[in-house]
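Descriptive analysis of the structure
If you want the building blocks of each chain, they are given just below.
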Amino acid sequence: MGHMNILILYGTTEGQTRKVCAFLAERLRAKGAEVTLNDATAGEGADPNAFDAAILAASLHVGQYQRAVVDFARTHHARLNAMPSAFVSVSLATVDGDAEERESLASCTENFKAYTGWTGAEVHHVAGAIRLAAYDFFRRWVMRLVAWEKKLKLQPGQDLELTDWPALANTADALYDRFARAA
Ligand SMILES: Cc1cc2nc3c(=O)[nH]c(=O)nc-3n(C[C@H](O)[C@H](O)[C@H](O)COP(=O)(O)O)c2cc1C
């Protein structure tokens, strides 16, 4: 078998999903895969037919994923369903969420699957970050409230990154193995 050709296409609003996807790309490349890393929110697209496997990633803002990723998944759902694929959902709801929060997170991913038609998406939940400096006045207050509810300590002027990088490395390894088996 030659190099496995993997597409990673993501959307991001404050940059954490880009960081998550860059980490996944590096890990998959270290295993010998050829990885194309594209930012749908920056207008980059791709033809999934040109790849052996695809990872789409997006983050939640008020219950919604970035429109560019939703549109891409909807356009290409038939091909995505037919190839080894995964959807990486970046959020804060995965961090110390109660039952209600887990349920609303599950409904976000279920809605995403139903709307796009990418029903075969294997969903991986990844914790994002709180970047107070990147927010406007209103968002800063919303996120202070979210942090308070989750008992997270915010330091003035400091970002709080909740992504579990060792866990993400394991996710990358598991994805690589699953994609390789299907190839
Ligand atoms: C205005 C705003 C709204 C958010 N809404 C949600 C939400 O509804 N559910 C959730 O789990 N996380 C929510 N988050 C947390 C983001 O998903 C998290 O900060 C993530 O790291 C953002 O990823 P990005 O930097 O790639 O855009 C919200 C964050 C902001 C700033």
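In this text, all values refer to a predicted model and were calculated from it rather than measured experimentally.

Calculation notes
- Residues numbered from 1 in each chain as written.
- Predicted model: local features only at pLDDT ≥ 70, side-chain atom pairs only at ≥ 80, totals over all residues.
- Heavy atoms only, no water.
- Domains from an automatic or database assignment.
- Contact = heavy atoms within 4.5 Å.
- Buried area = accessible area lost by both parts, 1.4 Å probe.
- Salt bridge = Lys/Arg side-chain N within 4 Å of Asp/Glu carboxyl O.
- Nonpolar A, V, L, I, M, F, W, Y, C, P; charged D, E, K, R; others polar.
- Near = heavy atom within 4 Å.
- Polar contact = N/O pair within 3.5 Å; in protein donor to acceptor, adjacent residues only side chain to side chain.
- Areas by Shrake-Rupley, 256 points an atom, 1.4 Å probe, with all protein chains shown as cover.
- 1 Å grid on protein atoms, 1.4 Å probe; cavity = no way out; pocket = protein on both sides within 12 Å on 5 of 7 lines; lining within 4 Å.
- Sits in = over half its atoms within 2 Å of the grid points.
- Pairing = 2+ DSSP bridges.
- Helix = DSSP H or I, 4+ residues; strand = E, 2+ residues; numbered from the N terminus.
- Axes fitted to C-alpha atoms, helices over the stretch in contact; angles between N-to-C directions.
- Buried < 20%, exposed > 50% of the residue type's maximum accessible area, 1.4 Å probe, protein only.

1. Some words on the domain arrangement of the chain
You can read the domains of the chain as domain 1 (5-128 + 163-182) and domain 2 (132-162). For domain 1 versus domain 2, the separation of C-alpha centres amounts to 24 Å. With 14 residues of domain 1 in contact, the opposing surface of domain 2 contributes 8 residues. When domain 1 packs against domain 2, close to 800 Å² is buried across both sides, 54% of that on carbon and sulfur atoms. Of all residues in domain 1, Glu14, Leu92 and Val95 give up the largest surface area on contact with domain 2, accounting jointly for 53% of the area buried on that side. Counting across the domain 1 and domain 2 interface gives 2 salt bridges. Of the charged contacts, one joins glutamate 161 and lysine 19 as a salt bridge, the two residues approaching to 2.7 Å between their closest N and O atoms. The residue makeup of the side of domain 1 that touches domain 2, split by class, is 5 nonpolar, 4 polar and 5 charged.

2. Remarks on the site of the ligand
Around the ligand, a shell composed of 21 residues is seen, among which Thr12, Gln16, Thr17, Leu60 and Ala129 lie nearest. Here an oxygen atom of the ligand and a backbone polar atom of glutamine 16 are 2.8 Å apart. Alanine 129 is positioned such that a nitrogen or oxygen atom in its backbone is 2.6 Å from an oxygen atom of the ligand. Isolated, the ligand exposes 640 Å² of accessible area, and the fraction of that covered by the protein chains is 89%. Most atoms of the ligand, that is more than half of them, are within 2 Å of grid points of the largest pocket. When residues of the shell around the ligand are sorted by domain, at least three fall in each of domain 1 (5-128 + 163-182) and domain 2 (132-162).

3. Digging into the sheet that holds strand S5 (residues 123-127)
Taken together, the 5 strands give an open sheet; going across it, the order is S2-S1-S3-S4-S5, and neighbouring strands pair in parallel fashion. Across the chains shown, the open sheet's two edge strands, defined by having one partner strand only, are strand S2 (34-39) and S5. Across the sheet, the mean angle separating the axes of adjacent strands is 20° when strand polarity is ignored. Strand direction decides the pairing type here: strand S1 (residues 5-10) and S2, joined by 6 bridges, are parallel. When the sheet's bridge partners are listed, asparagine 5 is paired in S2 with glutamate 34.

4. Regarding the environment of histidine 61
As for its position among the elements, histidine 61 is in the loop between strand S3 (53-59) and helix H2 (67-75). On the basis of relative accessibility, which here comes to 28%, the residue histidine 61 falls in the partly exposed class.

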